[in-house]
Amino acid sequence: DVKVTQSSRYLVKRTGEKVFLECVQDMDHENMFWYRQDPGLGLRLIYFSYDVKMKEKGDIPEGYSVSREKKERFSLILESASTNQTSMYLCASSRDNPSEDTQYFGPGTRLTVL
Amino acid sequence: RKEVEQDPGPFNVPEGATVAFNCTYSNSASQSFFWYRQDCRKEPKLLMSVYSSGNEDGRFTAQLNRASQYISLLIRDSKLSDSATYLCVVNDRGGSYIPTFGRGTSLIVHP
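Along each chain, residues carry numbers from 1 onward, in the same order as the chain's sequence is written. Chains and ligands are labelled sequentially in the order written, the chains with letters from A and the ligands with numbers from 1. Per-residue local features are limited, in this predicted model, to residues with pLDDT of at least 70; the limit for side-chain atom pairs, both in listing and counting, is 80 or more; totals at the level of whole chains, interfaces and linings are taken over all residues. Hydrogens are left out, water is left out, and the side-chain values use all remaining heavy atoms of the structure.

Caption draft 1: Broad picture of the interface of chain A and chain B. Listed per partner, the contact involves 23 residues of chain A and 19 residues of chain B. Once two parts are joined, some of their accessible surface, as seen by a 1.4 Å probe, is lost; buried area is that loss totalled over both. Of the roughly 1800 Å² buried where chain A meets chain B, counting both sides, 52% is carbon and sulfur surface. Salt bridges are identified by distance alone: a Lys or Arg side-chain nitrogen within 4 Å of an Asp or Glu carboxyl oxygen. Here chain A is connected to chain B by zero salt bridges. Two N or O atoms count as a polar contact when they lie within 3.5 Å, although within protein this holds only if one can serve as hydrogen donor and the other as acceptor, and sequence-adjacent residues are included solely when both atoms are side-chain atoms. Applying the counting rule to chain A against chain B returns three residue pairs in polar contact (both at pLDDT 80 or more). All amino acids are sorted into three groups, where Ala, Val, Leu, Ile, Met, Phe, Trp, Tyr, Cys and Pro are nonpolar, Asp, Glu, Lys and Arg are charged, and the leftover types, Gly among them, are polar. The class makeup of the residues in the side of chain A that touches chain B is 11 nonpolar, eight polar and four charged. The contact rule is simple, with two residues in contact once any of their heavy atoms fall within 4.5 Å.

Caption draft 2: Representation of the pairing of strand β8 (residues 70–75) of chain B within the structure. Residue and element names in this part refer to chain B. Judged from the six bridges that link them, strand β3 (residues 19–25) and β8 form a sheet pairing that is antiparallel. From the neighbouring strand, Phe-21 faces β8, where its bridge partner is Leu-73. If DSSP finds at least two bridges between two strands, the strands pair. Secondary structure elements follow DSSP: runs of H or I no shorter than four residues count as helices, runs of E no shorter than two count as strands, and numbering proceeds from the N terminus. Inspection of the sheet shows strand β7 (residues 60–65) paired to β8 by six bridges, in the antiparallel sense. The partner of Ala-62 across the bridge, within β8, is Leu-73. Between β7 and β8, which pair antiparallel in sequence order, lie four residues; one of them, Gln-69, sits at a positive phi of approximately 60°.

Caption draft 3: Molecular detail of the side chain of Ser65(A). All names here are of chain A. Relative to the elements of secondary structure, Ser-65 occurs in strand β7 (residues 64–70). Side chain to side chain, Ser-65 and Glu-79 meet in a polar contact 3.1 Å long. Once residues lying within four places of it in the same chain are set aside, the contact partners of Ser-65 are Tyr-47, Ser-75, Leu-76, Ile-77 and Glu-79.

Caption draft 4: Quick look at the environment of Asp38(A). Residue and element names in this part refer to chain A. Turning to its location among the elements, Asp-38 is positioned in strand β4 (residues 31–38). Only protein chains enter the accessibility calculation, which uses a 1.4 Å probe; a residue whose area is less than 20% of its type maximum is buried, one above 50% is exposed, and one in between is partly exposed. Take Asp-38: its relative accessible area is 11%, and that puts it in the buried class. C-alpha of Asp-38 to C-alpha of Thr-5: the two residues are 33 residues apart in sequence and 20 Å apart in space. Excluding anything up to four places from it in sequence, Asp-38 contacts Arg-44, Thr-86 and Ser-87. A polar contact of 2.9 Å, which involves the side chain of Asp-38, links it to the side chain of Arg-44.

Caption draft 5: Region of the structure containing the state of the cysteines. Cysteine sulfur atoms are paired as a disulfide whenever they fall within 2.5 Å. In this structure the tally under the stated criterion is two disulfides over all chains. Two residues, Cys23(A) and Cys91(A), share a disulfide whose sulfurs are 1.8 Å apart. Residues Cys23(A) and Cys91(A) are joined by a disulfide whose S-S torsion is about -75°; by sign, that bridge is left-handed. Separated by 68 residues along the polypeptide, Cys23(A) in strand β3 (residues 19–25) and Cys91(A) in strand β9 (residues 87–94) bring together distant segments of the chain. Assessed through its relative accessible area of 0%, Cys91(A) is described here as buried. In this model Cys23(B) forms its disulfide with Cys88(B); the gap between the sulfur atoms is 1.9 Å. Sign of the S-S torsion, about -70° for the bond between Cys23(B) and Cys88(B), identifies this disulfide as left-handed. One end of the pair, Cys23(B), is in strand β3; the other, Cys88(B), is in strand β9 (residues 84–93), with 65 residues separating them in the sequence. Exposure remark for Cys88(B): the relative accessible area of 0% places this residue in the buried category.

Caption draft 6: Here's a closer look at the sheet that holds β8(B). All names here are of chain B. Judged by pairing direction, the sheet is antiparallel, and its five strands sit side by side in the order β1-β3-β8-β7-β6 without closing on themselves. Of all the strands in the sheet, the pair left with one neighbour each is β1 (4–6) and β6 (55–57). Ignoring which end each strand starts from, the neighbouring axes of this sheet average 20° apart. Think of each axis as a best-fit line through the C-alpha atoms, taken over the contacting stretch in the case of a helix, with angles from 0 to 180 degrees between the N-to-C directions.

Below, the structure is given as structure tokens:
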């Protein structure tokens, strides 16, 4: 079974703090993704990575950065947290293979910025 | 911007009913298609992939219509446990496989 884990289920931070969200997958997947999910807006892609040290902007990268130093780990960084970044953050991974590119999600981190 | 559109619902149906959802996509070159299920406050999980020839998994049937650019999900004999949000996902091939999610369709199955 594919397992995607995220470092925290719930996180509370203050405005201006630097926030690190960690994601680890154990299936040697090439692709990793960070999304945020908000009511009425669905899942929105923040950043993705298709290889170590590679990253691509998604639809809403502003205010975020990412790091992928190892294949299994993909980190999302909020350089200076703001209240509008309060959200559910979901990490996912997938193979870069046309016949098996299903995404597997972590349990999510519910971040509250005060 | 590539779009994937779903009716948000909610679809409110009695147990045992048959219910169908559609999802339209804008990119005619889209490569692969999926339905995910998301329970309240949980992560999305794959329900089924959608193949060109259509596919069935128990009470669930998924179909793809490339000409009209939509995919569908049919649920027969609805159960209370089918209550969830159903997300349509379309993958496009750029440098890698980039998914676009619909906003989801909410299903409520009542006794």
